[in-house]
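# Observations on the model geometry
The primary structure of each chain is shown beneath.
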Amino acid sequence: MKEDFQRNNLGLEEVKAVKLFLILFYIFLFSFDLFYYIVYPHYSNQIKPGIPKDGLGIWLYIYLLLLIPVAIYFCKKGNPFIVKYIYLFSYISIDIADNLLIYLGNNKPFQSGNVAEVLFLLFSPIFINRKFFWSAIGGLIGKYIFLGIILKDGHVIMPILLFIIFAAISFIILSRFFSYLRAITSVHEDLRQNEKLAVIGQMATAIGHEIRNPLSSLKGFTQLQGEKHPEDKKYYTIMMQEITRINDIVDDLMIIGKPKNKEYQLERMEDVLDYTLSLVRNLAEDNNIEIQKNYEPELPMPECNVNQIKQICINLLKNAIESMPMGGLIKVELKHLNKEIVISVIDSGCGIPKENLDRMGEPFFTTKQFGTGLGLLVTNFIIKEHGGKLNINSTVGKGSRFDVLLPITQQGQLRRKTNFV
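## Things to note about the overall build of the protein
- A tally of regular secondary structure across the protein gives 13 helices and eight strands.
- In the protein, which comprises 421 residues, the proportion classed as buried is 40%.
- For the protein, long-range pairs separated by at least 24 residues make up 73% of all intrachain contacts whose partners lie at least 6 apart in sequence.
- Element-wise, carbon and sulfur atoms account for 61% of the exposed surface of the protein, whose accessible area totals about 24600 Å².

Given below as structure tokens:
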């Protein structure tokens with residue numbers, strides 16, 4: 001529905017541009033020829049006023065006027081985008097035929113052209129269409145080159161040079177239009193993103209207190225059970241860490257709407273990844289998924305928030321597992337690239353359609369049946385908060401690759417003592 005709405009809006013704007021173009025085209029066409037064939041000869045007394053009888057004569061205007069019903073038809077059919085091309089190539093074809101009938105086979109010096117031709121170039125920024133710009137410049141210059149070769153007349157050089165000048169002006173204007181459009185689109189997308197993040201922040205703030213209450217009880221009972229069963233201390237320790245991490249997730253969701261400074265510390269990424277792999281390994285085995293890891297030796301320790309990095313890794317690993325319901329292979333790689341640490345999660349799952357790649361990480365956007373659309377959102381937010389970036393490459397039916405690039409040094413962040421997981 002959203003795409004249909006956008007397409008309808010674009011169609012309406014194109015119809016407006018086409019209407020303006022057609023009005024100016026016929027005004028320029030008839031005004032120029034009226035002046036050139038009627039007004040100017042009347043005052044100059046050099047030639048007889050009137051439309052030349054050689055060539056297409058009055059039929060040239062009849063043919064061009066017959067294009068109006070065609071334009072109306074396509075506009076009503078919801079395809080106004082093709083109208084400008086119909087006019088461009090129809091005008092070029094009709095004008096070539098007219099000039100060949102006038103000049104071919106005689107010694108008349110070539111004198112042709114109409115100011116309406118310039119309109120095709122100058123209107124390219126109005127249509128905001130680079131394809132039409134190159135079609136117009138190629139078609140119009142190609143017309144004069146063709147006539148110059150067929151008629152063996154060098155007078156076509158001057159209109160070609162004029163078109164090159166007009167094309168340069170039009171291209172500059174068109175480029176500025178595109179630049180301005182990109183800026184407006186970027187601001188609009190940022191506003192939409194901020195609105196969604198604000199909604200998430202409000203939701204998290206509203207339910208955060210209710211989530212923390214049962215978490216506090218769960219943490220207390222886990223501590224109590226851990227004291228009663230010291231032989232299972234290893235498992236209760238992990239449970240306590242995960243309860244703490246759930247609490248941190250609530251914090252992270254809340255700061256999406258209201259960001260705050262984080263404290264960072266030096267961490268061994270190998271240990272962070274090993275820990276997260278231990279949490280998801282059972283889930284992977286249950287789904288017949290093999291996990292392979294490949295760490296580059298002697299990696300530097302980046303400054304980061306360890307709980308947030310764990311959350312990133314777990315989110316990506318769970319996404320990879322869920323993309324392979326029939327089993328498969330997950331490769332986890334860790335390497336040093338320039339001044340960044342790169343964490344890569346590569347799966348052999350179903351892959352992500354190309355049309356969905358750009359939307360990955362949008363609030364509430366998910367392709368999962370029971371997904372919330374918050375996993376990659378939080379992941380993206382944490383990565384950006386660390387000054388990093390997330391690269392996604394995917395092929396449908398072959399799998400996906402998620403690369404998390406984290407700077408080794410955090411500029412202007414608070415630091416604590418070195419910590420080893």
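## Some thoughts on the packing of aromatic side chains
- The full count for this structure, using the stated rule, is 19 aromatic pairs.
- An angle of 75 degrees between the planes, with centres 4.9 Å apart, marks the rings of Phe133 and Trp134 as edge-to-face.
- On the basis of relative accessible area, Trp134 is assigned to the exposed category, the value being 52%.
- The rings of Phe21, Phe25, Tyr26, Phe30, Tyr61, Tyr87, Tyr91, Phe120 and Phe123 are connected pair by pair, giving a single aromatic cluster.
- Just above the ring of Phe178 sits the side chain of Arg130; from NZ or CZ to the centre is 4.0 Å.
- The lysine or arginine in question, Lys310, covers the ring of Tyr275, its NZ or CZ lying 4.1 Å from the ring centre.

## Points about the state of the cysteines
- The final tally for this structure, using the stated rule, is zero disulfides.
- The thiol of Cys304 is not disulfide-bonded; the next cysteine sulfur, from Cys313, is found 9.4 Å away.
- Judged by relative accessible area, which is 1%, Cys304 ranks as buried.

## Here's the deal with helix H2 (residues 58–65)
- Taken together, the buried positions of H2 are Leu60, Tyr61 and Leu64. On an axial view of H2, the arc spanned by its buried residues comes to 95 degrees, and they lie on one face.

## Some points on the packing of helix H4 (residues 83–103) against helix H7 (residues 130–151)
- In contact at an axis separation of 11 Å, H4 and H7 are set at 10 degrees when each is read in the N-to-C sense. Of the possible angle classes, the one that applies to H4 and H7 is roughly parallel. Contact residues: H4 offers Lys84, Tyr85, Leu88, Phe89, Tyr91, Ile92, Asp95, Ile96, Asn99, Leu100 and Tyr103, while H7 offers Lys131, Phe132, Ser135, Ala136, Gly139, Leu140, Lys143, Phe146, Leu147, Ile150 and Leu151.
- Across the contact of H4 with H7, the residue classes break down as 15 nonpolar, three polar and four charged.

## A word on the nonpolar core
- The biggest cluster of nonpolar side chains holds 47 residues, and the ones touching the most others in it are Phe21, Phe25, Tyr87 and Phe120.
- The set of elements that each furnish at least two residues to this core consists of helix H1 (2–44), H2, helix H3 (67–76), H4, helix H5 (116–122), H7 and helix H8 (157–228).
- It is H4 that provides the largest number of residues to this core, a total of eleven residues.
- In this structure, Phe21 is in contact with Tyr87, Leu119, Phe120, Phe123 and Phe127, ignoring residues within four places of it in sequence.
- Listed in part, the 38 residues of the second largest apolar core include Tyr264, Val345, Ile383 and Leu390.

## Re the sheet that holds strand S6 (residues 389–395)
- On the basis of which strands lie adjacent, the open sheet formed by five strands has the order S2-S4-S5-S7-S6 and mixed pairing. Single-partner strands in this sheet number two, and they are strand S2 (289–295) and S6. Here the strands of the sheet are splayed against their neighbours by 15 degrees on average, with no regard to which way each runs.
- Examined bridge by bridge, strand S5 (residues 340–347) and strand S7 (residues 399–407) share seven bridges and lie antiparallel to one another. In the sheet register, Glu340 faces S7, and the bridge partner there is Pro407.
- Packing against the sheet, helix H10 (residues 269–286) makes contact with S2, strand S4 (328–337) and S5, and its axis sits at approximately 170 degrees to S2.
- Contacts from helix H13 (residues 375–385) reach S6 and S7 within the one sheet, and its direction differs from that of S6 by about 140 degrees.

## Quick look at the pairing of S4
- Here S2 runs beside S4; their pairing, made up of seven bridges, is parallel. By the bridge assignment for S4, Asn294 is matched with Glu333.
- The pairing of S4 with S5 spans eight bridges and is classified as antiparallel. Each bridged residue has a counterpart across the sheet, and for Lys331 the counterpart in S5 is Ile346.
- Taking the residues between adjacent antiparallel strands as the criterion, S4 and S5 are bridged by two residues, where Asn338 takes a positive phi near 55 degrees.

Rules used in this analysis
- Residues numbered from 1 in each chain as written.
- Predicted model: local features only at pLDDT ≥ 70, side-chain atom pairs only at ≥ 80, totals over all residues.
- Heavy atoms only, no water.
- Helix = DSSP H or I, 4+ residues; strand = E, 2+ residues; numbered from the N terminus.
- Buried < 20%, exposed > 50% of the residue type's maximum accessible area, 1.4 Å probe, protein only.
- Contact = heavy atoms within 4.5 Å.
- Areas by Shrake-Rupley, 256 points an atom, 1.4 Å probe, with all protein chains shown as cover.
- Phe/Tyr/Trp six-rings, centres within 6.5 Å; stacked < 30°, edge-to-face > 60°.
- Lys NZ or Arg CZ within 6 Å of the ring centre and 35° of its normal.
- Disulfide = S-S within 2.5 Å.
- Arc of directions from axis to C-beta.
- Axes fitted to C-alpha atoms, helices over the stretch in contact; angles between N-to-C directions.
- Parallel < 35°, antiparallel > 145°, perpendicular 65-115°, else oblique.
- Nonpolar A, V, L, I, M, F, W, Y, C, P; charged D, E, K, R; others polar.
- Core = buried A, V, L, I, M, F, W, Y, C linked by side-chain atoms within 4.5 Å.
- Pairing = 2+ DSSP bridges.

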